[in-house]
Amino acid sequence: MGLENKVALVTGGGRGIGRAIALAFAKKGADIVINEIDMPAAEKVVAEVKALGCRSIGVKADVSIKKEIEGMVETAIKEFGKIDILVNNAGISIVGPSEELEESRWNKGIGIDLNGVFFCSQVVGREMINRKRGNIINIASIAGIGALPIRATYCTAKGGVIMLTKSLACDWARYNIRVNAIAPGYIKTEMVEDLIKKGQYDEEALARRAPAGRMGLPEDVANAAVFLASDESDYIAGHTLVVDGAWSVYSYLQSWLDEGRK
Ligand code: NDP
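(A) Representation of helix α6 (residues 190–197) in the model. Residues Val192, Leu195 and Ile196 constitute the buried set of α6. In an axial view of α6, the angular spread of the buried residues amounts to 105°, which keeps them on one side of the axis. In this fold, the buried residues of α6 make contact with α7 (203–209). In the segment just after α6, glycine 199 is the residue with positive phi, at about 80°.

Laid out in structure tokens, this is it:
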């Protein structure tokens, strides 16, 4: 599953799942563009990619602003001449009761988590259409498949990403562009580890909730991304690959188990 001679752009690639995907792609030989808002974080990953023997640059851009996306893509193409793989990973989680949610927070969540995915895909997609070749991987969430309380913005955006994945796959298959998504469950990123340390998440309860008996790791998502980026998944398009240790398929029965049923 080599990615030699491929160029991948990973949005929000300075930490967490994005960083793991960038490093997994580099281990397979790809050159990497790391997009971030926080440039020191991006530069650290750029150095890690270079240490693996691949080329890499960091590009600052807010994915919710189309002009900045256009600048980012222009910089990437100037440096590497093409983008073979786009990973729409940047995302934020807006949490709070729907009845109190301010317009600005709704717009921010949808702006990054859904509009950002569409406009990054559109701008990079135009380049890919010209080259009649490309691969787009959207990082959705199991929150886009089943609803979670007090996360209406996030669930709506991620559900939208799953449908957008299907729509773009239909639109662009004729240009030899594949579009797929990954829907992770709870993944132990730095952010989640911070919340565990602050006592806001109970690690054991999260691990127990997944039938696999553990939380996901960024590498679990990265391994799925490598498969979708590779030629081995050549006929897979418009698909959402769930990476959650069976959490989401089990959830419908959880209330029975909570009641002590066998
Ligand atoms: P992190 O918060 O650790 O990483 C997200 C990255 O995106 C950060 O580096 C962040 O930068 C960057 N980012 C945020 N907003 C923007 C923006 N407007 N433009 C460019 N970059 C931006 O999150 P994770 O690694 O946990 O999540 C990555 C993706 O996976 C997200 O889409 C998330 O929704 C999804 N996901 C995560 C799960 C989990 O359990 N961790 C589960 C399911 C899905 P900065 O740090 O500067 O804000």
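We are not done yet, so read on.
(B) Main features of the site of the ligand. Around the ligand, the surrounding shell holds 27 residues, and the nearest of these are Arg15, Glu36, Asn89, Tyr154 and Ile187. With respect to the ligand, the backbone of isoleucine 17 contributes an N or O atom lying 2.9 Å from an oxygen atom. Aspartate 62 places a side-chain nitrogen or oxygen 2.9 Å from a nitrogen atom of the ligand. Notes on the ligand: free accessible area 880 Å², of which the protein chains cover 89%. With respect to the pocket detection grid, the ligand is positioned in the largest pocket.

(C) Examining the sheet that holds strand β4 (residues 85–88) more closely. In space, the seven strands of this open sheet follow the order β3-β2-β1-β4-β5-β6-β7, with parallel pairing throughout. The open sheet is flanked by β3 (56–60) and β7 (240–243), the only strands paired with a single partner. The average angle at which neighbouring strand axes cross in this sheet is 20°, direction not considered. The pairing of β4 with strand β5 (residues 134–139) spans four bridges and is classified as parallel. For asparagine 88, the partnering residue across the bridge sits in β5 and is asparagine 138. Contacts between helix α2 (residues 39–51) and the sheet are confined to β2 (31–36) and β3, with β3 contributing the most and set at about 165° to the helix.

(D) Structural detail: helix α8 (residues 218–229). Compared with the 16 Å implied by 1.5 Å per residue over twelve residues, the 16 Å span of α8 between its first and last C-alpha is a close match. Residues Pro218, Val221, Ala222, Ala224, Ala225, Val226, Leu228 and Ala229 constitute the buried set of α8. For α8, the secondary structure elements touched by its buried residues are α1 (16–27), β4, β5, β6 (177–184) and β7.

(E) Quick peek at unusual backbone geometry. The phi angle at asparagine 5 is positive, at roughly 65°, despite the residue not being glycine. Along the chain, the position of asparagine 5 falls in the segment before β1 (7–10). We note that asparagine 176 has phi near 65°; this positive angle belongs to a residue other than glycine. With respect to the secondary-structure elements, asparagine 176 resides in the loop between α5 (152–172) and β6. Using a relative accessible area of 40% as the deciding quantity, one classes asparagine 176 as partly exposed.

(F) Geometry of the environment of alanine 229. When you line up the elements, alanine 229 lands in helix α8. Under the relative-accessibility criterion, alanine 229 is labelled buried at 5%. Along the primary structure alanine 229 and aspartate 84 are separated by 145 residues, whereas in three dimensions their C-alpha atoms are 9.2 Å apart.

(G) How the structure looks around the side chain of serine 56. Along the polypeptide, serine 56 turns up in strand β3. Polar side-chain contacts of serine 56 include one of 2.8 Å to the backbone oxygen of isoleucine 32. With residues near it in sequence (within four places) discarded, serine 56 still touches Ile32, Ile34, Val46, Val49, Lys50 and Phe80.

Rules and cut-offs
Numbering of residues begins from 1 in every chain and follows the order in which that chain's sequence is written. Where local features are concerned, this predicted model is filtered to residues with pLDDT of at least 70; where side-chain atom pairs are given and counted, the filter is 80 or more; whole-chain, interface and lining totals use all residues. Remark: hydrogens and water are excluded; side-chain values derive from all non-hydrogen atoms of the structure. Per-residue accessibility, obtained with a 1.4 Å probe over protein chains only, is compared with the maximum for each type, and a residue is labelled buried under 20%, exposed over 50%, and partly exposed between these values. Strands here mean DSSP runs of E at least two residues long; helices mean DSSP runs of H or I at least four residues long; both are numbered from the N terminus. Starting at the helix axis, one direction is taken to each C-beta atom, and the arc is that of these directions. We call two residues in contact whenever any of their non-hydrogen atoms come within 4.5 Å of each other. We call a residue near a given molecule or strand whenever any one of its heavy atoms falls within 4 Å of it. Pairing of N or O atoms within 3.5 Å defines a polar contact, subject to two protein rules: one partner must be a possible hydrogen donor and the other a possible acceptor, and residues neighboring in sequence count only if both atoms are side-chain atoms. All accessibility values rest on the Shrake-Rupley procedure with a 1.4 Å probe; residue burial counts only the protein chains present in the view. Computed over the protein atoms alone on a 1 Å grid, cavities are sets of points where a 1.4 Å probe fits but cannot get out and pockets are open sets with protein on both sides within 12 Å along at least five of seven lines; a residue lines them when it has an atom within 4 Å of a point. Pocket occupancy is defined atom-wise: a molecule lies in a cavity or pocket when more than half of its atoms are within 2 Å of its grid points. A pair of strands counts as paired when DSSP detects no fewer than two bridges linking them. To define axes, lines are fitted to C-alpha atoms, for helices over the stretch in contact only, and angles between the resulting N-to-C directions are given on a 0 to 180 degree scale. Helix span, as expected, comes to 1.5 Å for every residue beyond the first.

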